[in-house]
Amino acid sequence: MLTEPYSSLGHILIVDDTPLNVRLLSSILEIEGYTVVTATNGPDALKLVPETAPDVVLLDVMMPGMDGFEVCRRLKAEAFSAHLPVVMVTALQDTQNRVQALEAGADDFLTKPVDEIEVLARVKTLVRTKRGRDELENAYAALQRSEGLRDSLSQMLVHDLRTPLTAIMASLDILLSNYRGKMDELQNELLDMCMSSCRQMINQVSELLDVGRLESGAMELNRQTISADEVLEQALNQVQGLARNRNITIANSIAANTPSFSADPDLLRRVLVNLIGNSLKFCPAGSALVVNAAPQQNEVLFSVLDNGPGIAPEDCEKIFDKWGQAESSQTGRKSSSGLGLTFCRLAVEAHGGKIWVESIVGQGSDFLFTIPLTNIAE
């Protein structure tokens, strides 16, 4: 058993059934400042590894009962010791035994009788490698914990925001419904602006919640058999007001042979609303959008084509990431796509489809996504 704390230099497990070999290796390492623990057989070594967490194992090959090859195989088969460096210490010189050691998962070799300088050089290198990997794994685990805490706080904040926003909207609705005649034009306009901003914030809050649920796999799809024309009609009805305000025409074309398919109608409508709304936001006033749907092999392909400023090739993937940014070719400023396109990507992928953009800077963008025709709802 290990009776002293691990040294900063490294902690080594020596496994050998010959006491003289154990004493020799131990003395070489302990003089240099390594902490050493020993085992005289394979089963004891397997018990000591999780108890003592060594940085390196020096493992004799020829041992009665369980030989070094088997000990190495078992260590490499366990998650907690899969990346533990194992050095096979052997008097065997033939290639076949070295191949067998490599197949068992050995990381290095030492030949008996061992050379002190070689032992220290191999051990030093492997300890550094092991501890470097441990640091990376610990940093990654800490990052995951931090991201989990951040996401939990975000979800809590979002939930808490919905209640006051809903109360504000209800109060504004009462004012707009019952007292509009008693207010002048400016007051009515200001109330309309407040209501519009509240709706936008509620949508953003809902989007953030849904992105979190889609990322975690907690959102179940309400699959129904739907047609492209009905879901597109619902989406267009929702964005017509914005299109009129910007004097932008939306044309739509659905191929006559487009079959019905299985999808969550609400999620799919929101995907189309997001894509169309995004194009409306960047298109010049007085221009036009084209929305298409057509069958493509075993999928339905949707397309939202605009003649906006376009997206640089290096930004075409970024815009679907959380808070992804794309740089405007006209202003040189970076603008965030927020969560709208992230929601679209996650919602399409939840259906088994894919989403992408084809764009030419200065000419416009074509946002495309597919929905598989499989699993038609009964």
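In this text, all values refer to a predicted model and were calculated from it rather than measured experimentally. (Residues numbered from 1 in each chain as written. Predicted model: local features only at pLDDT ≥ 70, side-chain atom pairs only at ≥ 80, totals over all residues. Heavy atoms only, no water.)

Q: Quick rundown of the overall build of the chain? Include the residues and the values.
A: Within the chain one finds 9 helices and 14 strands. Of all 378 residues assigned to the chain, the portion counted as buried reaches 41%. Long-range contacts, defined here as pairs at least 24 residues apart, represent 68% of the contacts in the chain between residues at least 6 apart. As displayed, the chain has an accessible area near 20700 Å², and 52% of this comes from carbon and sulfur atoms. (Helix = DSSP H or I, 4+ residues; strand = E, 2+ residues; numbered from the N terminus. Buried < 20%, exposed > 50% of the residue type's maximum accessible area, 1.4 Å probe, protein only. Contact = heavy atoms within 4.5 Å. Areas by Shrake-Rupley, 256 points an atom, 1.4 Å probe, with all protein chains shown as cover.)

Q: Requested: an account of the sheet that holds strand S7 (residues 249-254), with residues and values cited.
A: The strands making up a sheet are joined through hydrogen bonds of the backbone, oriented either antiparallel or parallel. Reading across from one edge, S7-S9-S10-S14-S13 is the order of the 5 strands in this open sheet, with mixed pairing throughout. The open sheet is flanked by S7 and strand S13 (355-360), the only strands paired with a single partner. Going from strand to strand, the sheet's axes swing by 15 degrees on average, the running direction of each strand aside. Note: S7 against strand S9 (residues 288-296), 6 bridges, orientation parallel. Across the sheet, the residue bridging to Ala 251 is Val 290, located in S9. Packing of helix H7 (residues 228-245) onto the sheet brings it into contact with S7, S9 and strand S10 (299-305), and relative to S7 it is tilted by some 175 degrees. Contacting S7, S9, S10, S13 and strand S14 (364-372), helix H8 (residues 265-282) crosses the sheet at an angle of about 175 degrees to S14. (Pairing = 2+ DSSP bridges. Axes fitted to C-alpha atoms, helices over the stretch in contact; angles between N-to-C directions.)

Q: How would you sum up a nonpolar patch on the surface? Please name residues and give values.
A: On the surface, Leu 186, Leu 190 and Met 193 cluster together into a nonpolar patch covering about 300 Å² of accessible area. Its place among the elements puts Met 193 in helix H6 (residues 185-216). Residue classification places Met 193 among the partly exposed positions, given a relative accessible area of 48%. (Patch = residues over 30% accessible without salt bridge, like charges linked within 9 Å, V, L, I, M, F, W, Y side chains within 5 Å. Salt bridge = Lys/Arg side-chain N within 4 Å of Asp/Glu carboxyl O.)

Q: Describe the packing of H8 against helix H9 (residues 340-350), with residues and values.
A: Contact geometry for H8 and H9: axes closest at 9 Å, N-to-C directions at 145 degrees. Handedness of the crossing formed by H8 with H9: left-handed. Listed contacts from H9 to Leu 267, Arg 270, Val 271, Asn 274, Leu 275 and Asn 278 of H8 are Gly 340, Leu 341, Phe 343, Cys 344, Ala 347 and Val 348. In terms of residue class, the contact of H8 with H9 is made up of 8 nonpolar, 3 polar and 1 charged. (Left-handed = near helix turned anticlockwise from the far one by under 90°. Nonpolar A, V, L, I, M, F, W, Y, C, P; charged D, E, K, R; others polar.)

Q: So what about the packing of aromatic side chains? Which residues, and what values?
A: Summed over all chains, the structure comprises 3 aromatic pairs. Measuring from ring centre to ring centre gives 6.4 Å for Phe 320 and Phe 367, while their planes differ by 75 degrees; the resulting arrangement is edge-to-face. One end of the pair, Phe 320, is in the loop between S10 and strand S11 (325-327); the other, Phe 367, is in strand S14, and 47 residues separate them in sequence. Here the two residues Phe 320 and Phe 367 agree in accessibility, since each one is buried. Positioned above the aromatic ring of Trp 356, the side-chain terminus of Lys 354 is 5.4 Å from the ring centre. (Phe/Tyr/Trp six-rings, centres within 6.5 Å; stacked < 30°, edge-to-face > 60°. Lys NZ or Arg CZ within 6 Å of the ring centre and 35° of its normal.)

Q: If you had to explain the pattern of salt bridges to someone new, which residues and values would you point to?
A: Evaluation of the coordinates by the stated rule reveals 14 salt bridges. Note that Asp 16 is salt-bridged to Lys 112, the shortest N-O span being 3.3 Å. Highlighted residues: Asp 16 in the loop between strand S1 (11-15) and helix H1 (19-32) and Lys 112 in the loop between strand S5 (108-111) and helix H5 (116-178), separated in sequence by 96 residues. The partly exposed category is assigned to Lys 112, whose relative accessible area is 22%. Its salt-bridge partner being Asp 108, residue Arg 122 comes within 3.1 Å of it at the nearest N-O pair. In this pair, Arg 122 sits in helix H5 while Asp 108 sits in strand S5, placing the two residues 14 residues apart along the sequence.

Q: Describe in detail the sheet that holds S1, supporting the description with residues and values.
A: Taken together, the 5 strands give an open sheet; going across it, the order is S2-S1-S3-S4-S5, and neighbouring strands pair in parallel fashion. Sheet topology places strand S2 (35-39) and S5 at the edges, where each strand pairs with a single neighbour. The average angle at which neighbouring strand axes cross in this sheet is 20 degrees, direction not considered. Sheet contacts for helix H3 (residues 68-77): strand S3 (56-60) and strand S4 (86-90); angle to S4, the most-contacted strand, approximately 180 degrees.

Q: So what's going on with empty space enclosed by the protein? Which residues, and what values?
A: Per the counting criterion, the structure on display carries 1 cavity of 30 Å³ or more. Taken as a whole, the largest cavity encloses approximately 40 Å³ of empty space. Along the walls of the largest cavity sit Val 61, Phe 69, Met 88, Thr 90, Leu 92, Asn 97, Arg 98, Ala 101 and Phe 109, which together make up its complete lining. Going through the elements one at a time, S4 and helix H4 (95-104) are the ones with two or more residues in the lining of the largest cavity. (1 Å grid on protein atoms, 1.4 Å probe; cavity = no way out; pocket = protein on both sides within 12 Å on 5 of 7 lines; lining within 4 Å. Points joined across faces, edges and corners; volume = space filled by probe spheres on them.)

Q: Which residues make up the side chain of Ser 227, and what are the values?
A: Examined against the element boundaries, Ser 227 turns out to sit in the loop between strand S6 (224-226) and H7. Exposure remark for Ser 227: the relative accessible area of 18% places this residue in the buried category. Those residues in contact with Ser 227 that sit more than four places away from it in its chain are Ser 260 and Phe 261.

Q: Hey, could you go over the packing of H7 against H8 for me, with residue numbers and the actual values?
A: For any two helices packed against each other, one specifies the inter-axial angle together with the distance between the axes. Two elements in contact, H7 and H8, have axes whose closest approach is 9 Å; the angle formed by their N-to-C orientations is 35 degrees. Of the two elements, H7 crosses H8, and the hand of that crossing is right-handed. Residues Val 231, Leu 232, Gln 234, Ala 235, Leu 236, Gln 238, Val 239, Leu 242 and Ala 243 of H7 form the contact with H8, whose participating residues are Pro 265, Leu 268, Arg 269, Leu 272, Val 273, Ile 276, Gly 277 and Leu 280. Here the contact of H7 with H8 is built from residues that sort into 13 nonpolar, 3 polar and 1 charged.

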